[in-house]
Amino acid sequence: MTAKFKDLALDALDHQAQADWWCSTLGYVRRSPPGESPPDWPVAIVDPAGEGPLIWLNPVPERKTVKNRMHLDVWGDPAELGAAGARMVAERGEDREWHVMADPEGNEFCVFER
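In this text the structure is predicted, and so the values were computed from the model without any measurement. (Residues numbered from 1 in each chain as written. Predicted model: local features only at pLDDT ≥ 70, side-chain atom pairs only at ≥ 80, totals over all residues. Heavy atoms only, no water.)

Quick look at the UniProt feature "domain: Glyoxalase-like" (unreviewed entry) in the protein chain
Note the cut-off: UniProt positions are given in the numbering used here, feature names are shortened, and annotations may be inferred rather than shown by experiment. Strands are runs of DSSP state E lasting at least two residues, helices are runs of H or I lasting at least four, and both sets are numbered from the N terminus onward.
This chain's UniProt record puts "domain: Glyoxalase-like" (unreviewed entry) on residues 8-112. As annotated, residues 8-112 has a helix share of 17% and a strand share of 31%, and its two end C-alpha atoms lie 19 Å apart.

Next comes the structure, spelled out in C-alpha cells:
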C-alpha cells in the first residue's frame, strides 16, 4: 500500500459559509468552535456520530469554473437539498440512478434517494 485515505477537502471562495452549509446539510459540526482559529484558516467539519469522513473547507481566491474531478455522494432528498440552497444540475434519468446537484458555490455532488 502506498497511501491510506485521510480526509476530504473542498475548496471554497467563502469557506466559512460553505462549512456552515455542509454542516447543516450533512448533520456535521465544526471540529473547532468559530473564533478559535483565525477566520482565514481552513475549517474542519466532522460527523458527530463518527461515521463520516473529516471534511476540510479550504479558502481559495477564485470561484469554481469547471466540473469537479472528484465529488461527494450523499443519501438525501433533492427537494430538501434544493430548499437548503443546493441547485439541481441533472435529474436522475434513464442512464443514471442519481441526481447531480451543486452546493451554493457550485461544487457538484450526487444525491441518491433511499
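Structure's up, so let's keep going.
So, the packing of aromatic side chains
So the rule is basically this: Classification of ring pairs rests on two measures: the distance between centres of Phe, Tyr or Trp rings, Trp counted by its six-membered ring, which must be within 6.5 Å, and the angle between planes, read as stacked under 30 degrees, edge-to-face over 60 and tilted in between.
In total, this model carries 5 aromatic pairs according to the counting rule given. Ring centres of Trp 22 and Phe 109 lie 5.2 Å apart, and the angle between their planes is 70°; on these two criteria the pair is classed as edge-to-face. Taken together, the positions of Trp 22 in helix H1 (residues 15-26) and Phe 109 in strand S8 (residues 108-112) put the pair 87 residues apart, joining distant regions of the chain.

So, the sheet that holds strand S4 (residues 55-59)
Quick reminder of the rule: At least two bridges found by DSSP between two strands is the condition for calling them paired.
Read across the open sheet, the 4 strands follow the order S1-S4-S3-S2; overall the sheet is mixed. Lying at the two open borders of the sheet, with one neighbouring strand each, are strand S1 (8-12) and strand S2 (29-30). Bridge count for strand S3 (residues 43-46) against S4 is 3 bridges, and the pairing is antiparallel. Residue pairing for S4: Val 43 is matched across the bridge by Leu 57.

Observations concerning the layout of surface pockets
The criterion, for reference: Put simply, the grid is 1 Å and covers the protein atoms alone, a cavity is a trapped set of points that fit a 1.4 Å probe, a pocket is an open set with protein on both sides within 12 Å along at least five of seven lines, and lining residues have an atom within 4 Å of a point. Grid points are joined across faces, edges and corners, and a volume is the space filled by probe spheres set on the points. Polar here means any residue other than Ala, Val, Leu, Ile, Met, Phe, Trp, Tyr, Cys and Pro, which are nonpolar, and Asp, Glu, Lys and Arg, which are charged; Gly is therefore polar.
When its volume is computed, the largest pocket comes out at roughly 400 Å³. Taken together, 20 residues line the largest pocket, and the ones lying closest to its centre are Thr 25, Leu 26, Asp 73, Val 74 and Trp 75. If you list the elements that add at least two residues to the lining of the largest pocket, you get H1, strand S5 (72-75) and helix H2 (78-83). The element contributing the most residues to the lining of the largest pocket is S5, with 4 residues. In terms of residue class, the lining of the largest pocket is made up of 10 nonpolar, 4 polar and 6 charged. Taken as a whole, the second largest pocket encloses approximately 300 Å³ of empty space.

Section: the pattern of salt bridges
Inclusion rule: Between Lys or Arg on one side and Asp or Glu on the other, a salt bridge is scored when a side-chain nitrogen of the former is within 4 Å of a carboxyl oxygen of the latter. Only protein chains enter the accessibility calculation, which uses a 1.4 Å probe. A residue is then buried if its area is under 20% of the maximum for its type, exposed if over 50%, and partly exposed in between.
Taken as a whole and assessed by the stated rule, the structure comprises 5 salt bridges. Residues Lys 6 and Asp 7 are paired through a salt bridge, measuring 2.4 Å at the closest nitrogen-oxygen approach. What makes Lys 6 exposed here is its relative accessible area of 64%. With its nearest N and O atoms 3.4 Å apart, the salt bridge here joins Glu 108 to Lys 64. Taken together, the residues span a long stretch of sequence, with Glu 108 in strand S8 and Lys 64 in the loop between S4 and S5 at a distance of 44 residues. In this structure Lys 64 comes out as partly exposed when scored by relative accessible area, which is 29%.

Topic: the sheet that holds S5
Threshold: All axes here are fitted lines through C-alpha atoms, helices being fitted over the stretch that makes contact, and every angle between N-to-C directions spans 0 to 180 degrees.
Pairing is mixed across the open sheet formed by 4 strands, whose spatial order is S5-S8-S7-S6. At either margin of the open sheet sits one strand with a lone partner, and together these are S5 and strand S6 (87-90). With direction set aside, neighbouring strand axes in the sheet form an average angle of 40°. Pairing analysis gives 4 bridges linking S5 to S8, with the strands arranged parallel. Note on S8: the bridge partner recorded for Val 74 is Val 111.

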